[in-house]
Amino acid sequence: MKITLVTVAFFLLSMAAIWHTVQQLRRDQVGIRYAVMWISMWLVIGVTSLFPDLLNILAQAAGMHRIFFIIIITLFLLIALIFNLMSRINTLEVRQARLVRALSLLQHRIDVQDANTHDTK
Amino acid sequence: MPTIHVTLTAFNEARNIGPILDGIYALDIPGWRNRTLVVDDGSRDETQGIARDHGAEVVRLLMNLGQGHALLVSFQAALARAEDRDVIIEMDADGQHDPRFIPDFIKRLEQTGADIVVGSRILGSNHANAPFFRRTFLPHYTALINRVTGYAMTDSMCGFRAFRAGSLRRVSRVMDDMLEPQYIAAEMFIRFAKAGLTVEEIPIALADRFFGTSRKGFIRYGMGVLNAIVKTKLDKNYRRQRPI
């Protein structure tokens, strides 16, 4: 195992990213579920940049060449992330549409009541 | 006296909406009175003001949601005022649906006792002159929906329809469950068929839009219909739904 300037830089960058995620969590800018997910991902990147041999062990255990192992794991994580985000966006869109429909009808009822009150006066 | 609640969903239809509303008010159907309701789907033009100036009640959506969502709002707003013996007519606000067909819808509802009467462009007099994509794809979309619902429609996608207010009120919970309001025709008929509502048709001729162009593509529409069918069939609320 050889620690170079680049591996240390990657490790420091991932630690900074973890710190930033924790700050976002404190400010309520990210939910606990996503904070845990991002912190885990940055931890994996940080640790494997310092100890790249870990990947060899995992790749051998999986019976794959190291580079394919990295590509497959990365693709899997990215696709899972995109799927999760798309599903969240879809849910939010449905909720937003229902909310806008309900609010619009409520606003309309208020307008009609106001108009009736003015007519009575 | 029962009321015909004519609902129009409109998005940037300032140039079309006035003449359509005038056409509706010009109708004189013995034994019925008219009421118009426009749902303005977040238009950026003067649609809302012009509709009000022409005597329509206007519900304005706080943002543009699409025709299906606007239609659901129009049903809810119309049902808030309608009695069960009333009729709710849904029509487009682009000038393609001629209000002079409204008496035919009422007559058909009275003759057949159906819950819904759908305007059929296929049975209409000018279908031979319809655009290629409509002539080619529409029968296939309708056949697909007929297969799923058990209805025998010739045109399931036409937005000119009449509903008995009482029937629509009975399925208002079903409408709350709708998942794909952008392609509302497919999902609506699937859910209404399971609820046990009956459908009849009348022929209608489709006029040219007064102004502007339609933005709906038939391929995209077909994908949306398929998506709506699959989603509805997989929906747990649909599976639990019982005839009303």
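Note that the coordinates shown come from a computational prediction; the quantities given were computed from them, not determined experimentally.

Turning next to the domain arrangement of chain A. Domains assigned within chain A are domain 1 (1-51) and domain 2 (66-121). Summarising the inter-unit geometry, the C-alpha centres of domain 1 of chain A and domain 2 of chain A are found 30 Å apart.

Here we take up helix 3 (residues 67-81) of chain B. For an α-helix, the turn length of 3.6 residues means that residues three or four places apart are oriented alike. Relative to the 21 Å expected for 15 residues at 1.5 Å per residue, helix 3 of chain B spans 21 Å between its end C-alpha atoms, a close match to the ideal helical length. Most of helix 3 of chain B sits out of view: 13 of its 15 residues are buried.

A few words on the nonpolar core. Judged by nonpolar contacts, the single largest core of 70 residues is most densely connected at B:Val38, B:Ile88, B:Ile89 and B:Ala186. Non-local contacts of B:Ile89, meaning those with residues more than four positions away in its chain, are made with B:Ile4, B:His5, B:Val6, B:Thr7, B:Ile102, B:Phe105 and B:Ala162.

As a further point, take the pairing of strand 2 (residues 33-40) of chain B. All names here are of chain B. The pairing of strand 1 (residues 3-10) with strand 2 spans 8 bridges and is classified as parallel. Along strand 2, the bridge assignment pairs Val6 with Thr36. In the classification by handedness, the crossover that spans strand 1, the intervening helix 1 (residues 14-25) and the parallel strand 2 is right-handed. Since strand 2 and strand 3 (residues 57-60) lie parallel, the crossover through helix 2 (residues 47-53) that links them has a hand, and here it is right-handed.

Let us now look at the interface of chain B and chain A. Chain B puts 11 residues into the contact, and the matching count from chain A is 7 residues. Secondary-structure elements contributing two or more residues to the side of chain B that touches chain A are strand 3 and helix 3 of chain B. The element best represented in the side of chain B that touches chain A is helix 3 of chain B, accounting for 5 residues.

Reading guide: rules and limits
Residues numbered from 1 in each chain as written. Chains lettered and ligands numbered in written order. Predicted model: local features only at pLDDT ≥ 70, side-chain atom pairs only at ≥ 80, totals over all residues. Domains from an automatic or database assignment. Helix = DSSP H or I, 4+ residues; strand = E, 2+ residues; numbered from the N terminus. Expected span 1.5 Å × (residues − 1). Buried ≥ 20, exposed ≤ 12 C-beta atoms within 10 Å, placed from the backbone. Core = buried A, V, L, I, M, F, W, Y, C linked by C-beta atoms within 7 Å. Contact = placed C-beta atoms within 7 Å. Pairing = 2+ DSSP bridges. Right-handed = clockwise from strand over helix to strand, strands pointing away.

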